[in-house]
Amino acid sequence: MRLLLMSDTHLPKRAKRLPDQLLAELPDADVVFHAGDWVDTATLDLLERRSRRLIGVYGNNDGPELRARLPEVAYAELGGLRFGVVHETGPAQGREARCAARFPDLDVLVFGHSHIPWDTVAPGGLRLLNPGSPTDRRRQPHCTYLTATLAGGALTDVTLRLLPRRQ
């Protein structure tokens, strides 16, 4: 199973549209995750139309229309692993322990908010993944998203995808 993970798209404020490289990944993805801060409903509509399965949540910058369509936290069991998606997890310091305590029944937690890619494992085995942002790099050298493979009950090939700088 092929996974595509993104967050913090902030359209159309941070960019006019999703990057072509990311859009080209959609047909190959069995599941697309979006960890919030969509900002516009058009991006949600696009991903709902073009994704086989979309798992998304609202973020702190998402207004009432998005909050009416998306949960604050989403859960899914995929390929024998228990996934959760949430926008905010608090400060980087202590994140693993805090998330392990908040989500004790998960195997993987996808989150956003910081625009900073993150891939760690908490005590007890919870894997925390932040794909960064494909449209707003903030203090990072590149805009980013993640891809991964889920097979045999294991998450493999977790790859941070770097996007070219916009002109």
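Residues numbered from 1 in each chain as written. Predicted model: local features only at pLDDT ≥ 70, side-chain atom pairs only at ≥ 80, totals over all residues. Heavy atoms only, no water.

A.B. asks: Please give an account of the pairing of strand 2 (residues 31–34) that cites residues and values.
C.D. replies: Every second residue of strand 2 is oriented toward a common face, with Val31 and Phe33 on one face and Val32 and His34 on the other, all of them buried. When strand 1 (residues 2–6) meets strand 2, the two strands line up parallel, connected through 4 bridges. By the bridge assignment for strand 2, Leu3 is matched with Val31. For the crossover from strand 1 across helix 1 (residues 20–25) to strand 2, the handedness is right-handed. Inspection of the sheet shows strand 2 paired to strand 3 (residues 54–56) by 3 bridges, in the parallel sense. By the bridge assignment for strand 3, His34 is matched with Gly56. Running through helix 2 (residues 41–50), the crossover from strand 2 to the neighbouring parallel element strand 3 is right-handed. (Buried < 20%, exposed > 50% of the residue type's maximum accessible area, 1.4 Å probe, protein only. Helix = DSSP H or I, 4+ residues; strand = E, 2+ residues; numbered from the N terminus. Pairing = 2+ DSSP bridges. Right-handed = clockwise from strand over helix to strand, strands pointing away.)

A.B. asks: Give me the lowdown on the pattern of salt bridges, citing residues and values where you can.
C.D. replies: Inspection of the entire model under this criterion finds 8 salt bridges. A salt bridge links Arg52 to Asp30; the shortest N-O distance between them is 2.5 Å. With Arg52 in the loop between helix 2 and strand 3 and Asp30 in the loop between helix 1 and strand 2, this residue pair connects regions lying 22 residues apart in the sequence. You can call Arg52 exposed: its relative accessible area is 56%. Notably, a salt bridge pairs Glu48 with Arg69, separated by 2.8 Å at the nearest N-O pair. Within this pair, whereas Glu48 is found in helix 2, its partner Arg69 is found in helix 3 (residues 64–69), the two being separated by 21 residues in sequence. Looking at Glu48, the relative accessible area reads 43%, which means it is partly exposed. Residue classification places Arg69 among the partly exposed positions, given a relative accessible area of 37%. Connected via shared salt-bridge partners are Asp45, Glu48 and Arg69. (Salt bridge = Lys/Arg side-chain N within 4 Å of Asp/Glu carboxyl O.)

A.B. asks: Tell me about the side chain of His34, and please be specific about residues and values.
C.D. replies: Among the secondary structure elements, His34 is positioned in strand 2. Given a relative accessible area of 0%, His34 falls into the buried group. At 3.0 Å, the side chain of His34 and the backbone nitrogen of Gly36 are in polar contact. Excluding residues that lie within four positions of it along the chain, His34 makes contacts with Met6, Ser7, Asp8, Thr9, Leu47, Ile55, Gly56, Val57 and Val85. (Polar contact = N/O pair within 3.5 Å; in protein donor to acceptor, adjacent residues only side chain to side chain. Contact = heavy atoms within 4.5 Å.)

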